[in-house]
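Examination of the molecular architecture
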Amino acid sequence: MKKKTLVTLVLSAALVTLAGCGQKAEPTKAAGGSSATPAATAAAKTYKVAISQIVEHPSLDATRQGFLAALKDAGLVEGTNLKIDFNNAQGDQTNNLSIAQKIASADNDLVLGIATPSAQAVVQQVKKSPVLFAAVTDPLAAKIVSNLDKPSGNVSGASDTNPQAVSQLMEFVAANFPKIKTVGLVINEGEPNAVIMAKNAEDSLSKHGIKLVKAPVTNTSEVKQAAQSLVGRADAFLITLDNTVVSGVDSIIQLANDKKIPFFSSDRDTVEKGAFATVGFKYYDHGYQVGQMAVEILKNGKKPADLKVTVPDKLDLILNLKAAKAEGIEVTDTMKNAVKDKEKNIIQ
């Protein structure tokens, strides 16, 4: 008998013996040593997440990017095991409602509403899927949740406003700009978040004898004209976390530079673009925080009601020195010393 035939017979006998003892062959090992079976492949889940965003501008875009980064860091990668349905309402309330209704009719594992109007719409329409919100100024006043520590139902998220942020910024203005007697605010009073922050600013300024005057708008195309109407009536410009106004903020920055008017905002991204100062944080980090909440829901089985609503807890004064020069502001050591993290929050 040939040697090859003998080896074959021995191997066959060994397999028969193992089968008789009730032993099963191990599944084939994939690269890296993990077991790869058809059943395991079939069990791999693709998560469906719908996002409704009222408009695209730097703060809201950074929020979305941070959210997706948190999912990616947790192993949920768009195009691999994550499907994102991103919807931009382009600042239109009719579009906003239609988007929410479309999302409600779909089968999603989670829904994210970015900015107060989008969050309100999805909360009203989406009842079956978990809902998270981000970039919402006051979720209680907006009737998105009724309790921050114990949100009920299918909704939770993160507010982008610490109530102290506006008052701290106004205190900074009063302490360092004695010539400012009137602050001009471009505002869309149709946005509840903007109205709430405007009231906080007005209350804080009034303690120092500083008056707040408003220039109302209803859409982004009106922002430039509204800002121009404040020239001669206001010693400084201010905007809140007002999505309509932030979308058209370039025209305010240009006007502030041309007329040498100090410009204060309520978000870091606008300061990076050309406003002088704010008290705030990075919206990317805000979105990342909400993304971590989404991971708890999608991968760890948590419910929105298990997750309390969070607010930014690391506020700092943020200054743009280049913007200061353009607006005719002399930045003093006192101003710089008010910044806690000078390396990150003094923008050269």
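Residue numbering note: each chain is counted from 1, following its sequence as written. Local features in a predicted model are, by the rule used here, given only for residues with pLDDT of at least 70; side-chain atom pairs are given and counted only at 80 or more, and totals for whole chains, interfaces and linings are based on all residues. By convention in this description, side-chain values take in all heavy atoms of the structure and omit both hydrogens and water.

Section: helix H3 (residues 58-73)
An α-helical turn contains 3.6 residues, so a residue and the one three or four places further along point in the same direction. In DSSP terms, a helix is any run of H or I states spanning at least four residues, a strand is any run of E spanning at least two, and both are numbered starting from the N terminus. To estimate the expected span of a helix, subtract one from its residue number and multiply by 1.5 Å. The end-to-end C-alpha distance of H3 is 22 Å, a good match for the 22 Å that 16 residues give at a rise of 1.5 Å each. The set of residues buried in H3 consists of Ser 59, Leu 60, Asp 61, Ala 62, Thr 63, Arg 64, Gly 66, Phe 67, Ala 69, Ala 70 and Leu 71. One or two steps after H3, the chain reaches Gly 75, where phi turns positive at roughly 95°. Relative accessibility under 20% of the residue-type maximum defines a buried residue, over 50% an exposed one, and the middle range a partly exposed one, all with a 1.4 Å probe and only protein chains included.

What to know about the packing of helix H6 (residues 164-176) against helix H7 (residues 192-206)
Packed helices, taken two at a time, are described by their axes: the angle between them and the distance between them. The axes used here are C-alpha line fits, helices contributing only the stretch in contact, and every angle between their N-to-C directions lies in the interval 0 to 180 degrees. Taken N-terminus to C-terminus, the directions of H6 and H7 make an angle of 40°; their axes are 9 Å apart at the nearest point. It follows from the interaxial angle that H6 and H7 lie oblique. Where H6 crosses over H7, the handedness of that crossing is right-handed. Taking contact as the criterion, the partners of Val 166, Ser 167 and Met 170 in H6 are, on H7, Met 197, Asn 200, Ala 201, Ser 204 and Leu 205. Of the residues belonging to the contact of H6 with H7, the class tally is five nonpolar, three polar and no charged. Each angle receives one of four descriptions, namely roughly parallel if under 35 degrees, roughly antiparallel if over 145, roughly perpendicular if within 65 to 115, and oblique otherwise. Crossing handedness: left-handed means the near helix sits turned counterclockwise from the far one by under a right angle, and right-handed means the same turn made clockwise. By definition in these notes, contact holds between two residues if any of their heavy atoms fall within 4.5 Å. The nonpolar class holds Ala, Val, Leu, Ile, Met, Phe, Trp, Tyr, Cys and Pro. Asp, Glu, Lys and Arg form the charged class, and all remaining residues, Gly among them, are polar.

A closer look at H7
For H7, with 15 residues, the first-to-last C-alpha span of 21 Å sits near the 21 Å given by 1.5 Å per residue. Here H7 has its buried residues at Asn 193, Ala 194, Met 197, Ala 198, Ala 201, Ser 204 and Leu 205. Each buried residue of H7 sits inside an arc of 130° when the element is viewed along its axis, so together they form one side. Tucked inside the fold, the buried residues of H7 contact helix H5 (116-125), H6, strand S6 (182-187), strand S7 (211-216), strand S8 (236-238) and helix H9 (243-247). Note that the arc is defined by the directions from the helix axis to the C-beta atoms.

Remarks on the packing of aromatic side chains
In summary, the pairing rule links any two rings of Phe, Tyr or Trp, Trp by its six-membered ring, whose centres are within 6.5 Å, and it sorts them by plane angle into stacked for under 30 degrees, edge-to-face for over 60 and tilted for everything else. This structure, assessed with the given rule, holds six aromatic pairs. Where Phe 172 meets Phe 177, the ring centres are 6.2 Å apart and the plane angle is 70°; that geometry is what we call edge-to-face. Relative to Phe 276, the ring of Phe 177 lies with its centre 6.2 Å away and its plane at 75°, an arrangement referred to as edge-to-face. Highlighted residues: Phe 177 in the loop between H6 and S6 and Phe 276 in the loop between helix H11 (268-273) and strand S10 (277-280), separated in sequence by 99 residues. Under the relative-accessibility criterion, Phe 177 is labelled buried at 11%. Positioned above the aromatic ring of Tyr 47, the side-chain terminus of Lys 45 is 5.3 Å from the ring centre. The rule for a charge over a ring is simple: NZ of Lys or CZ of Arg within 6 Å of the ring centre, and within 35 degrees of the ring normal. The positively charged end of Arg 64 is found above the aromatic ring belonging to Phe 86, 4.2 Å away from the centroid.

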